Amino acid sequence: MITAGLDLGTQSVKAVVIENGKVVSRSKAFSGFDPEKAAEKALDKALKDANLSMSDVGHITATGSGMDMATNSNSTVSMMGADAKAGIHLFPNARTIIDVGAEEARAVKCDENGIMMDFVVNERCAAGAGAFIEAMARALEVELEDMGPLSLKAERASSINASCVIFGESDVVSLIHKQESKPEIARAIFEAMADRVSSMVHRLGVNPDVVLVGGVARDIGFVTSLKRKLGVDILIPEYPEYVGAFGAALVAAKRLKKVQEK
Amino acid sequence: MKKQSKEKKYMPEISQKEVQELRKTITTTSQQIITENIKKMKKTDPNRPKAMKYFDEIADFTKREKEIRAAKQEGKKVIGYMCLFAPIELILAADAIPVRVNSGWYDASKLGDRIVPVEVCPMVRSTIGAKMIALSPYLELSDTLISVLTCDGMTKLGEILSDFKPVWTMTIPRVKDTEQSLRLWSEEIKTIKGQIEELTGNKIRGKQLKSAIELTQKATKAFRRLQELRKGPPVIMGRDAMLVNQTYMWDDIERWTEKTEALCDELEERVSQKNWACPPDTPRVMLTGTPMIWPDNWKVPTLVEEANPQGILVADELCSSERLLFDPVGVDEWSMSDMLNAIAERYLMASTCPCFTSEDGNEDRINWLLNKIEEWDIQGVIYYVIRGCMLYAMEYIRVKKVMDSKGVPVYYLDTEYTREDVGQMKTRIEAFLEMLSARIDL
């Protein structure tokens, strides 16, 4: 049984094709102005990589903020539902799944069946999400992927306010004026973000195992700060940014099975 | 009574041209939104009860505005109020018309930003904005306003609106269950009675007050009948019931009661035919939190009932809906002093507003929610807070703890007076409903 999941995120669309619970291919495309087209592109590429065609796919489930725009999908599932499903599949003991994407951070509490029990989403602001690191990297004139390693060099963190990307940026500028070191400022940025995310997770309760997914899970700076704030170990899958799409593909498989049983 | 000064304390001067332009644009949008909301409600339940036609008419402000205007020409007075503590029975007994004037217009809140900062409750900002451009027919037609000093926003709103109209304040005690609180509130009720009599020139006598109380008792009875019908499988969509409840805020009460009873007759027939408004296994949701005012601030109920998977609202704890009429005025002896005491008690004791506290906190609200969960078979609670609504925001964790202990999922949904966040809210509401359906599936 082959199914696919599409995650139409704010910055990129991810496609995952699975066969009997195992990933056969994954692909990514920039959302841009036409998420619908990006979804098609991502899925086409994933299918091509796996030497498959559309007719091989039994069911496609879309997730992500743009999920309604995926005209090539058969059904949709919420991002939180997809995270829970994939999180528990990858780590059977996972009870808290944190997803930090480009513009949103969320956390899901789930039971042993991958059923979502509760969830929280960050307040209408990207300060706890990937876009914040991007904006701050610009202010520091540092490449995005260098931000994490840079922050690890700091002995201490400067202090900034991450209530808002814009205000955060002006905080960073004033730290630059105070001639604080780049590593210390970089670390402050991750600490502030981790503060936001951890207080959100605390509202849900920190139930181990804690899993971190989404593109930002690749950033060692953020992961280090979040571990420190939450005081627990954090599990990260190999392809954290594809977890939403993978979850959607798993949901697609479940739905296809249900139809076939009927 | 001290005379209110003519000099405007808060309001800036706006050019008449600008006022007229804004008024025109926002009124047009408002009309579109009324039409669109009703269209959406019809779409959700294509087999919508026939009796809803009347409430759709009242939901379009024009009909009722005309009636009130005509009544005013015959010498009737109109008394507006913002919070539910204004004693409707005394207004009715003096042959005046009560109307609630809180604004639900999103666009008007942007105007309010000229006077108060954006951190302030958007309902307050919107009511100020509505006044600046004479948008709300009921606020405009009010001869005076009763401002009950509940939350900070409402307290200052009354003060700001006094730039335009006489405003009578009523001090509400923050702790309900003490002797001195009830004493203070009873004095406030007596004072407001005197003010109503002076404005209308009508002395409130026992006979009139008794029939006014009987009138609202009948309305409560009809209202309760409607909510009872929502206990079973869904026979009416939540938005329809909420609209019925909400029109009570500005409709003629006698007629409203009659029409609500007629709606209930129709619904009872539907129950006997098992003619449901949506599939009986649709997740049953309750709303609690900040009031949602027609026509603009209808996005949350719309999103819940249009969602995929769909939810149905079967109960709420909103002062714009079920809290309006849940409790009747209970009178033992029909003497003037007993009636006034009964009114004082009804308005103070029955309220679950978070402006109250006590040794047990706002225990009455918790009990209300638990009762609803039990009797209306609630599967999930949406805790709705508009930004700046400090009291509801602060009570959330307590409510959440209680809900957790009962195993009822609750979701905190914060928003603003804006249409722009509908996409984000949809994502959240659908995830929540998906969670409820998954639970029901198990």
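Note that the structure is a prediction, hence the values are computed from the model and not measured.

Asks: Where do I start with the overall build of chain A in this structure?
Replies: Of regular secondary structure, chain A possesses eight helices and 10 strands. Taken against the 2.2 N^0.38 rule, which gives 18 Å for 262 residues, the C-alpha radius of gyration of chain A at 19 Å falls within 12% of a compact globule. In terms of overall dimensions, chain A has C-alpha extents of about 65 × 35 × 30 Å along its principal axes. In chain A, which comprises 262 residues, the share counted as buried stands at 54%. Sequence separation of 24 or more characterises 69% of the internal contacts of chain A that already satisfy a separation of 6 or more.

Asks: Looking at this structure, how should I read the overall build of chain B?
Replies: Secondary structure summary: chain B contains 17 helices and eight strands in total. Computed over its C-alpha atoms, the radius of gyration of chain B comes to 21 Å, within 12% of the 22 Å expected for a compact globule of 442 residues. In terms of principal-axis extent, the alpha carbons of chain B reach across some 65 × 55 × 45 Å. The buried share of chain B, taken over its 442 residues, is 50%.

Asks: Got a minute to help me understand the confidence of the model for chain B in this structure?
Replies: Regions with low pLDDT carry predicted coordinates that are not meant to be interpreted in detail. The share of residues in chain B with pLDDT of 70 or more is 98%, and the mean pLDDT across the chain is 95. As a predicted assembly, this complex carries a pTM of 0.89 together with an ipTM value of 0.80.

Asks: Before we go on, may I ask you to explain the packing of helix H6 (residues 182-204) of chain A against helix H7 (residues 220-230) of chain A in this structure?
Replies: A pair of packed helices is characterised by two quantities: the angle between their axes and the separation of those axes. Residues and elements named next belong to chain A. Here H6 crosses H7 at 50°, and the two axes come no closer than 8 Å. Between H6 and H7, the angle is such that the two are oblique. Of the two elements, H6 crosses H7, and the hand of that crossing is right-handed. Within the contact between the two elements, H6 uses Ala 186, Phe 190, Glu 191, Met 193, Ala 194, Asp 195, Val 197, Ser 198 and Val 201 and H7 uses Gly 221, Phe 222, Ser 225, Leu 226, Lys 229 and Leu 230. Partitioned by chemical class, the residues of the contact of H6 with H7 number nine nonpolar, three polar and three charged.

Asks: Would you mind showing me how to read the domain arrangement of chain A here?
Replies: Reports often express the size of an interface as the amount of accessible area lost when the parts come together. All names here are of chain A. In terms of domain boundaries, chain A breaks down into domain 1 (1-91 + 240-262) and domain 2 (93-236). Each of domain 1 and domain 2 has a C-alpha centre, and these two points are 26 Å apart. Tallied by class, residues from the side of domain 1 that touches domain 2 come to seven nonpolar, six polar and three charged.

Asks: Explain the sheet that holds strand E1 (residues 2-8) of chain A here, please?
Replies: Strand pairs in the sheet, formed through backbone hydrogen bonds, run parallel or antiparallel to each other. All names here are of chain A. The strand order E3-E2-E1-E4-E5 describes an open sheet built from five strands, whose pairing is mixed. One side of each edge strand has no neighbouring strand; the edge strands of this open sheet are strand E3 (22-30) and strand E5 (75-76). Seen against the sheet, helix H1 (residues 35-49) touches E1, strand E2 (12-19) and E3 and runs at an angle of roughly 145° to E3.

Asks: What should I look at first to understand the environment of Met 286 of chain B in this one?
Replies: All names here are of chain B. Examined against the element boundaries, Met 286 turns out to sit in strand E5 (residues 284-289). We classify Met 286 as buried; it has 24 C-beta atoms within 10 Å. The contacts of Met 286, once residues within four sequence positions are left out, are Val 314, Ala 315, Asp 316, Lys 372, Trp 376, Ile 378 and Val 381.

Asks: Explanation requested: the packing of helix H2 (residues 79-90) of chain A against helix H8 (residues 243-261) of chain A in the structure shown.
Replies: Residue and element names in this part refer to chain A. Orientation of H2 relative to H8, taken along the N-to-C sense of each, is 85°, at an axis distance of 7 Å. Between H2 and H8, the angle falls in the class roughly perpendicular. Across from Met 79, Gly 81, Ala 82, Asp 83, Lys 85, Ala 86, Gly 87 and His 89 in H2, the residues of H8 making contact are Val 243, Gly 244, Phe 246, Gly 247, Ala 248, Leu 250 and Val 251.

Asks: How do you make sense of the sheet that holds strand E7 (residues 105-110) of chain A when you look at a structure like this?
Replies: Residues and elements named next belong to chain A. What the five strands build is an open sheet, ordered E8-E7-E6-E9-E10; its pairing is mixed. The two strands at the open ends of the sheet, each matched to only one other strand, are strand E8 (116-121) and strand E10 (234-235). Sheet topology places strand E9 (residues 210-213) next to E10; two bridges connect them, and they run parallel. Within the sheet, the bridge partner assigned to Val 210 lies in E10 and is Ile 234. Strands in contact with H2 are strand E6 (96-100), E7, E8 and E9; relative to E7, the strand with the most contacts, it is inclined by about 55°.

Asks: Is there a simple way to explain the environment of Val 173 of chain A in this structure?
Replies: Locating Val 173 of chain A in the fold gives a position in helix H5 (residues 165-177). Considering only alpha carbons, one finds Val 173 of chain A and Met 136 of chain A, 37 residues apart in sequence, at a separation of 9.5 Å.

Basis of the calculations
The written sequence of each chain sets the order in which its residues are numbered from 1. To read the labels, note that chains go from A and ligands from 1, taken in the order they are written. Predicted model: local features are reported for residues with pLDDT of at least 70 only, side-chain atom pairs are reported and counted for 80 or more only, and whole-chain, interface and lining totals are derived from all residues. Comment: elements are numbered from the N terminus, with helices defined as DSSP H or I runs of at least four residues and strands as E runs of at least two. Each radius of gyration reported is based on C-alpha atoms, and the globular scaling rule is 2.2 Å times the count of residues to the power 0.38. Our exposure labels follow a C-beta count within 10 Å of each residue's own C-beta, placed from the backbone: buried means 20 or more other C-beta atoms, exposed means 12 or fewer, and partly exposed covers the counts in between. Once C-beta atoms have been placed from the backbone, residue pairs whose C-beta atoms lie within 7 Å are recorded as contacts. Every residue carries a pLDDT, the predictor's confidence in it, which falls somewhere between 0 and 100. Note on method: axes are straight lines fitted to C-alpha atoms, helices fitted across the in-contact stretch only, with angles between N-to-C directions ranging 0 to 180 degrees. Working rule for angles: under 35 degrees goes down as roughly parallel, over 145 as roughly antiparallel, 65 to 115 as roughly perpendicular, anything else as oblique. Helix crossings are classified by the rotation of the near helix relative to the far one: an anticlockwise turn of less than a right angle makes the crossing left-handed, while a clockwise turn makes it right-handed. Three categories are distinguished: nonpolar for Ala, Val, Leu, Ile, Met, Phe, Trp, Tyr, Cys and Pro, charged for Asp, Glu, Lys and Arg, and polar for the others, with Gly belonging to the last. Segmentation of the chain into domains, including their bounds, is taken from an automatic or database domain assignment. Whether two strands pair depends on DSSP finding at least two bridges between them.

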